[in-house]
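# Remarks on the overall topology
This is what each chain is made of:
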Amino acid sequence: MSTLQRYFNVMLSKAPKLSYSQNKEVYLLIDGTYFSNEICLVVYRDNVFKQTQLYRITNGEHYEELKEDLENILNLGIKISGITCDGDKSLLKAIRKVCPKVPVQRCLVHIQRMCKIWLSAYPKSIAGFELREIVCKIHFIDNEVKKQYWIKEFLDWSEKHKEFLNEKSYSQETGRYWYTHKMLRRCFSVIKKALPNMFSFLQDPKIPKTTNGVESFFGHLKGNLNIHRGLTKSRRKKFIQWYLFYRNLKP
């Protein structure tokens, strides 16, 4: 036991240098995850070769840091041919600033999951019930024809329930107005804003349509890290770095 402790003490006292593929073209999955609200790990992972190109351990997903990371990847001479993300505002802003011509794909599973939560399993309104049915069809879209039919169905729904969506309530106590059907309007707003980037994968099959690949990667990492709950914050960071290092060495 003492020999193993000495070995781990040496490893967890320093961080390894990440080795990554020298590919000149990558299709990135970009996502962040939190560990005990203290550590935020942002990963830039190539979906084709399943390797982490860059990572940052910080306290949140901040625009300036995300912008710097994207610039660093480009400065390495790597061409970013596609980016799939969950739609974080800071990340989308950084992408527009650093690589505005790169196709962006919004994670369809994330959109579908959040809309189902907001609408609930049994929406009380007809508009909510109809929108939930439309949302459930997202993962069936695999060609341009289905895409156009789906978009038309969504736009027809928004026009049909326009007045219902815009209904407002008024509080005499505060003198303020708010949208009566907040959750329904939130779903509508999320889909409307994501629409330009929801189907980029149809133009290039190498672009993943979800971030499931990196989310499962995070799940495996957290499972391993949870075994060592007694690690200090500093050593938890080093553990994460060693994990990323060894995962990149796998063929």
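Check the entry above for the structure.
In what follows, the accompanying structure is described. (Residues numbered from 1 in each chain as written. Predicted model: local features only at pLDDT ≥ 70, side-chain atom pairs only at ≥ 80, totals over all residues. Heavy atoms only, no water.)

## Comments concerning the packing of helix H5 (residues 126-135) against helix H6 (residues 144-160)
One way to put it is that H5 packs onto H6 with a least axis distance of 11 Å and a crossing angle of 170°. Looking at the two axes, H5 sits roughly antiparallel to H6. Mapping the contact onto sequence places Ala127, Glu130, Leu131 and Ile134 in H5 and Trp150, Glu153, Phe154, Trp157 and Lys160 in H6. The residue inventory of the contact of H5 with H6, partitioned by class, reads 6 nonpolar, no polar and 3 charged. (Axes fitted to C-alpha atoms, helices over the stretch in contact; angles between N-to-C directions. Helix = DSSP H or I, 4+ residues; strand = E, 2+ residues; numbered from the N terminus. Parallel < 35°, antiparallel > 145°, perpendicular 65-115°, else oblique. Contact = heavy atoms within 4.5 Å. Nonpolar A, V, L, I, M, F, W, Y, C, P; charged D, E, K, R; others polar.)

## Focus: unusual backbone geometry
Phi at Lys50 is positive, roughly 55°, even though this residue is not glycine. For Lys50, the location among the structural elements is in the loop between strand S2 (39-46) and strand S3 (51-58). Residue classification places Lys50 among the partly exposed residues on the basis of a relative accessible area of 47%. (Buried < 20%, exposed > 50% of the residue type's maximum accessible area, 1.4 Å probe, protein only.)

## With respect to the pattern of salt bridges
In this structure the tally under the stated criterion is 9 salt bridges. Here Arg56 ties to Glu68 by a salt bridge, and the two come within 3.4 Å at their closest N and O atoms. Placement of the pair is Arg56 in strand S3 and Glu68 in helix H2 (residues 63-75), with a sequence separation of 12 residues. With a relative accessible area of 39%, Glu68 lands in the partly exposed category. Measuring nitrogen to oxygen at the nearest pair gives 3.8 Å for the salt bridge that ties Glu215 to Arg113. Taken together, the residues span a long stretch of sequence, with Glu215 in helix H9 (residues 212-226) and Arg113 in helix H4 (residues 108-119) at a distance of 102 residues. Residue classification places Glu215 among the partly exposed residues on the basis of a relative accessible area of 26%. A residue is classified by how much of its surface remains accessible, and Arg113, at 36% relative accessible area, is partly exposed. Because the salt bridges share partners, they merge into one network encompassing Arg56, Glu68 and Asp69. (Salt bridge = Lys/Arg side-chain N within 4 Å of Asp/Glu carboxyl O.)

## Some points on the state of the cysteines
Counted under the stated rule, the structure contains 0 disulfides. Here Cys107 is not cross-linked by a disulfide; its sulfur's nearest cysteine counterpart is in Cys85, at 8.9 Å. The class for Cys107 is buried, based on a relative accessible area of 2%. (Disulfide = S-S within 2.5 Å.)

## Quick word on the sheet that holds strand S1 (residues 25-35)
Reading across the sheet, the 5 strands line up as S3-S2-S1-S4-S5 and stay open at both edges, with mixed pairing between neighbours. A single partner strand is all that each edge strand has here, and the edge strands are S3 and strand S5 (104-106). Here the average twist between neighbouring strands, direction ignored, is 20°. In this structure, S2 lies alongside S3, joined through 7 bridges in antiparallel fashion. Its bridge partner lying in S3, Val43 is registered against Tyr55. Lying on the sheet, H2 is in contact with S1, S2, S3 and strand S4 (79-85); it crosses S3 at an angle near 150°. (Pairing = 2+ DSSP bridges.)

## With respect to the pairing of strand S6 (residues 168-171)
Every second residue of S6 is oriented toward a common face, the buried set being Ser169 and Ser171 and the non-buried set Lys168 and Tyr170. The turn joining S6 and strand S7 (residues 176-179), which pair antiparallel and follow one another in sequence, is formed by 4 residues; a positive phi near 75° is taken by Gly175.

## Points about the nonpolar core
One finds Leu131, Trp150, Phe154, Trp157, Ile191, Met198 and Phe199 to be the most contacted residues of the largest nonpolar core, which totals 26 residues. It is helix H8 (residues 182-194) that provides the largest number of residues to this core, a total of 5 residues. Residues within four places of Ile191 in sequence aside, it is in contact with Ile111, Cys115, Leu131, Val135, Trp150, Phe154 and Met198. Leu28, Leu70, Ile80 and Leu92 belong to the second-largest nonpolar core, a separate cluster that totals 23 residues. (Core = buried A, V, L, I, M, F, W, Y, C linked by side-chain atoms within 4.5 Å.)

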